[in-house]
Amino acid sequence: MKIDFVITWVDMEDPAWQRDFAHHSGKTVNEKNAVSVARFRDYGFLKYWFRGVEKFAPWVNKIHFVTCGQKPEWLDASHPKLNLVDHKDYIPQQFLPCYNSVVIERYLHKIPDIAEHFVYFNDDFFIINSVEEERFFQNGLPCDIAAFQYNPSWSQWYKRIKNNITIINAHFDKKEVMSRWHEKWFAPSYGSKARMNYMLKPYRKFITLRTPHNAQPFLKSTFEEVWAAAEKELTETSANRFRAVSDYTPELFRTWQICSGNFTPYNTYADTKMFPLMIRPKQAVRAIQNQSYKLVCINDHVRIRNYAQVMENIKNAFESILPEKSTFEIAEKLAKNSPKVK
């Protein structure tokens, strides 16, 4: 079984990207605007993502590095495991340029030569300890947790999640799904995370599922199934160049996968953790240094106090466990002389 990794990235400091963004949005990316700088900025940790993959998940088949035609100067484009993917390589031309991550993500199955089994990473998801293929796929199925979670209706993100659930309820019968896949919905490994499954078992409609904010395994065929069922909705909202309340998010594909029974029960919270740097920077540093989890999310925010110092502490923590350059990094002298891909 070949397992690919997919990671999306943007260089916000690129003048051409800034110019195009301002042209299409009428805004610059900064904390004073509705578009948050934290959504796009890169704190220079990408090399640690590649180092973590090489050291802790050397079994990966291919890494699909998705950008709008950008490439870090230090990244070796000739690496045999690396596939540089431009948005135009897989997203329909009429929806480009796109600054809406949910649109960029819904077409991932169209990436040329992507494997049936792939794991999707945001660029703030990091592997910090040894991880085996079985962490993501067992018996050919993605490892995941099927557990309900309440989301407040006032949340803008909830409104997008609600769009997903509308499609799920139109195509799946909750009672039938939870009966057919009872052992998967009530797996003992979920522990207290599944308490709402018991509470909501009589309720006839699906609500939001818990979504661990970290690397997510998918089947390419799941994307194809969802597109076959909801092509109209997904195509229409692909025109949302920026985030909109009418969006459908990647949770649609994950929830469809779970409701179809195409997953292996796994409490992903046992070895993954998200650290919001606005409130838990010290905990994030300790977790990286101590390699307390297999995967962590280092969640940026515009209101991080002492931002430069926090990022320096995070960098030092990564350096303490991943000091050696990976084979994805070209020599520094060559990197400085290498033209940037546009």
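First, a word on what this report is: a plain description of the structure on this page. What you are looking at is a predicted structure, and each value in this text was computed from that prediction instead of being measured.

The subject of this paragraph is the side chain of Asn164. Mapping Asn164 onto the fold places it in helix H4 (residues 156-171). Within the local environment of Asn164, its side chain forms a polar contact with the side chain of Thr249, the two groups lying 2.7 Å apart. With near-sequence residues (within four places) excluded, Asn164 lies in contact with Tyr248, Thr249, Glu251 and Leu252.

Within strand E11 (residues 295-299), four of the five residues are buried, leaving the element largely enclosed by the surrounding structure. Note that strand E5 (residues 125-127) and E11 share three bridges and pair antiparallel. For Phe126, the partnering residue across the bridge sits in E11 and is Val296. In this sheet, E11 lies alongside strand E10 (residues 272-276) in parallel orientation, the contact comprising five bridges.

One broad trend across soluble globular proteins is that nonpolar side chains are buried collectively. Membership of the largest hydrophobic core comes to 49 residues, with the highest contact counts inside it found for Tyr90, Trp185 and Phe206. Listed by contribution, the elements that provide at least two residues to this core are helix H3 (101-106), strand E4 (117-121), H4, helix H5 (174-180), helix H8 (220-237) and helix H9 (251-259). Excluding residues that lie within four positions of it along the chain, Tyr90 makes contacts with Val66, Val85, Ile104, Tyr107, Leu108, Lys110 and Ile111.

End to end, helix H11 (residues 307-321) covers 22 Å across 15 residues, agreeing with the expected 21 Å (1.5 Å per residue, within 8%). Inspection of H11 places Val310, Met311, Ile314, Ala317, Phe318 and Ile321 among the buried residues, and these make up the whole buried set. Take H11 and look down its axis: the buried residues cluster within an arc of 115°, on one side only. Among the structural elements, helix H2 (46-56), E5, helix H10 (281-290) and E11 are those in contact with the buried residues of H11.

Time to look at the packing of aromatic side chains. Across all of its chains, the model carries 31 aromatic pairs by this definition. Seen from their ring centres, Phe275 and Tyr293 are 6.2 Å apart, and the 65° between their planes marks the pair as edge-to-face. Remark: Tyr293 occurs in the loop between H10 and E11 and Phe275 occurs in strand E10; sequence separation between them is 18 residues. Looking at Phe275, the relative accessible area reads 2%, which means it is buried. One aromatic cluster is present, built from ring pairs that chain together Phe5, Trp9, Trp49, Phe50, Trp59, Phe65, Trp74, Phe121, Phe136 and Phe328. In this arrangement the basic side chain of Arg210 is found over the ring face of Tyr269, its NZ or CZ atom lying 5.7 Å from the centre.

The rules behind each value
Residues numbered from 1 in each chain as written. Predicted model: local features only at pLDDT ≥ 70, side-chain atom pairs only at ≥ 80, totals over all residues. Heavy atoms only, no water. Helix = DSSP H or I, 4+ residues; strand = E, 2+ residues; numbered from the N terminus. Polar contact = N/O pair within 3.5 Å; in protein donor to acceptor, adjacent residues only side chain to side chain. Contact = heavy atoms within 4.5 Å. Buried < 20%, exposed > 50% of the residue type's maximum accessible area, 1.4 Å probe, protein only. Pairing = 2+ DSSP bridges. Core = buried A, V, L, I, M, F, W, Y, C linked by side-chain atoms within 4.5 Å. Expected span 1.5 Å × (residues − 1). Arc of directions from axis to C-beta. Phe/Tyr/Trp six-rings, centres within 6.5 Å; stacked < 30°, edge-to-face > 60°. Lys NZ or Arg CZ within 6 Å of the ring centre and 35° of its normal.

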